[in-house]
Amino acid sequence: MRRFSLWMKAHPAFGDSLIAGLLLIFDMGFAVTAIDRGVSFSAFLAVTLLMLGPLPFRRYHPLGISYLILAGAFLQLFTHGGYEGGIPVRMSDFALAIALYTLVAYIGRKSALIYSGWLLAGTLLWAVFQVGDIQAVFLVFMVFVIFGFSWAMGEFIGARRAYQSELEQRLKLLETERDQQAQIAVGEERSRIARELHDVVAHAVSVMIVHADGAAYTIRSQPEVAENAVRTIAETGRLALTEMRRLLGVLRSEDAETQWAPQPDARGVVELAENTRAAGVPVRLEISGDVDDLPVGVGLSIYRIVQEALTNTIKHAGTGTTALVRLTRTPDELRLEVVDNGFGTPHDVVKVSGGNGLIGMRERAAVLGGEFEAGPNPGGGWRVRASFPLAA
């Protein structure tokens, strides 16, 4: 039934055709009375076509269709009115009320008021043809009641359509604002990642300079020490070159102060787990494989993702929550999983403006060519997963 209702809403001409057909069926009953009073069948048919034929298209061309129906009504006055007994009341006359309702709901009060003036003139003219009929006054009163009801319904439906239209516009604006906020958040996070990678590269270059100076001093007196320093320079240079390539993939903002210090890495996850335990959330840490010699960018991203995930656990998971942090290293990739059994949901999953934690984690993984996912855990709680490629 709901599907049929939605289909009817999407195809309004079908419903209006049903209304026109129903009025036509009842109107045929008046054909015999009209012909008995001397009304020609061709005139009766012309009026029927003018008043009921345009009804299915009233929503597409409200103004033109309404005046076409009005023309049919005036044709009825001048073709049916000079006969004994006056003009027979027909079901097609309800098309006038439908037209008035359509103008009020879809066009506006000004056009509807002009149309009402024509209806008033036609009604008074109709009353003149009904002189001598004791029911004329009652019929005129009923006509005005019907037209008044049509106007009121048009006002109600028009206000509802205007409200729905305004609501849709606001939703579109909210969606646009949400998308813009997400883009701004992504840009800010990319800028932050770029600054951190810049710090990593700057630290690597500083190390290279120190070892180069040491090698220059010891190259003659202590060749072995100089050789080790040169190897360190080469390894650090390769790492710095890798991080520099990643740095070129993101935009760096110049409005933040640069910190010339080494950034945390995967080894700092142990300290994060201890701090989370001190905050009242038991954390179990599982590390499989060596995470001490990870690429600097990967180690930094692992640290930040675990930091953000555990922060969300503390803030949103609720009391009695436990968490698991699992790091698994294989020859080709490093996999990270942070799971809790709480009942909270990070704010920025529901509303972008509530925080940018998940956006930042996703961007960190993307910058390093990894994958990231976060969502409710099937067994309850929240789960964050990330993987980073380690192959050259």
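Residues numbered from 1 in each chain as written. Predicted model: local features only at pLDDT ≥ 70, side-chain atom pairs only at ≥ 80, totals over all residues. Heavy atoms only, no water.

## Things to note about the overall build of the chain
Item 1. Each helix and strand in the chain was counted, giving 13 helices and five strands.
Item 2. Counting every position in the chain, which comprises 392 residues, the buried fraction comes to 39%.
Item 3. Summed over its atoms, the accessible surface of the chain is roughly 22,500 Å², and 61% of this surface lies on carbon and sulfur atoms. (Helix = DSSP H or I, 4+ residues; strand = E, 2+ residues; numbered from the N terminus. Buried < 20%, exposed > 50% of the residue type's maximum accessible area, 1.4 Å probe, protein only. Areas by Shrake-Rupley, 256 points an atom, 1.4 Å probe, with all protein chains shown as cover.)

## Notes on the sheet that holds strand β4 (residues 371–376)
One key point about sheets: their strands pair by backbone hydrogen bonds, in either a parallel or an antiparallel sense.
Item 1. Overall, mixed pairing links the five strands, which are arranged β1-β2-β3-β5-β4 in an open sheet. Two strands bound the open sheet, and with one partner strand each, they are β1 (283–288) and β4. Sheet twist, expressed as the average angle between the axes of neighbouring strands with direction ignored, equals 5°.
Item 2. Where strand β2 (residues 323–329) and strand β3 (residues 333–340) come together, seven bridges link them in antiparallel fashion. (Pairing = 2+ DSSP bridges. Axes fitted to C-alpha atoms, helices over the stretch in contact; angles between N-to-C directions.)

## Points about the packing of helix α11 (residues 296–316) against helix α13 (residues 357–367)
For any two helices packed against each other, the geometry is given by the interaxial angle and the distance between the axes.
Item 1. Direction vectors running N to C along α11 and α13 enclose 160°, while the axes themselves pass 10 Å from each other. The orientation of α11 relative to α13 falls into the category roughly antiparallel. In the packing of α11 onto α13, the handedness of the crossing is left-handed. Residues Ser-301, Arg-304, Ile-305, Glu-308, Ala-309 and Asn-312 of α11 pack against Gly-357, Leu-358, Met-361 and Arg-364 of α13.
Item 2. In terms of residue class, the contact of α11 with α13 is made up of four nonpolar, three polar and three charged. (Parallel < 35°, antiparallel > 145°, perpendicular 65-115°, else oblique. Left-handed = near helix turned anticlockwise from the far one by under 90°. Contact = heavy atoms within 4.5 Å. Nonpolar A, V, L, I, M, F, W, Y, C, P; charged D, E, K, R; others polar.)

## As for the nonpolar core
Item 1. Ranked by internal contacts, the top residues of the largest apolar core, which has 31 residues, are Ile-302 and Val-306.
Item 2. The set of elements that each furnish at least two residues to this core consists of α10 (269–278), α11, β2, β3, α13 and β5 (382–389).
Item 3. Among the elements that line this core, the one with the most residues is α11, at seven residues.
Item 4. Not counting residues within four places of it along the chain, the set of residues in contact with Val-306 comprises Val-269, Leu-272, Val-325, Leu-336 and Val-338.
Item 5. Formed by 26 residues, the second largest nonpolar core is a distinct cluster that contains Phe-74, Leu-77, Ile-98 and Leu-100. (Core = buried A, V, L, I, M, F, W, Y, C linked by side-chain atoms within 4.5 Å.)

## Digging into the pattern of salt bridges
Item 1. For the structure shown, the criterion picks out ten salt bridges.
Item 2. Shared partners join several salt bridges into a network, and the residues in it are Arg-284, Glu-286, Arg-326, Glu-337, Glu-373 and Arg-385. (Salt bridge = Lys/Arg side-chain N within 4 Å of Asp/Glu carboxyl O.)

## Notes on the packing of helix α2 (residues 12–27) against helix α4 (residues 41–52)
Item 1. Orientation of α2 relative to α4, taken along the N-to-C sense of each, is 160°, at an axis distance of 11 Å. As summarised for this structure, α2 and α4 are arranged roughly antiparallel, according to the angle between their axes. The handedness of the crossing between α2 and α4 comes out as right-handed. Contacts from Ala-20, Leu-23, Leu-24 and Asp-27 in α2 reach Phe-44, Thr-48 and Leu-52 in α4.
Item 2. Broken down by class, the residue content of the contact of α2 with α4 amounts to five nonpolar, one polar and one charged.

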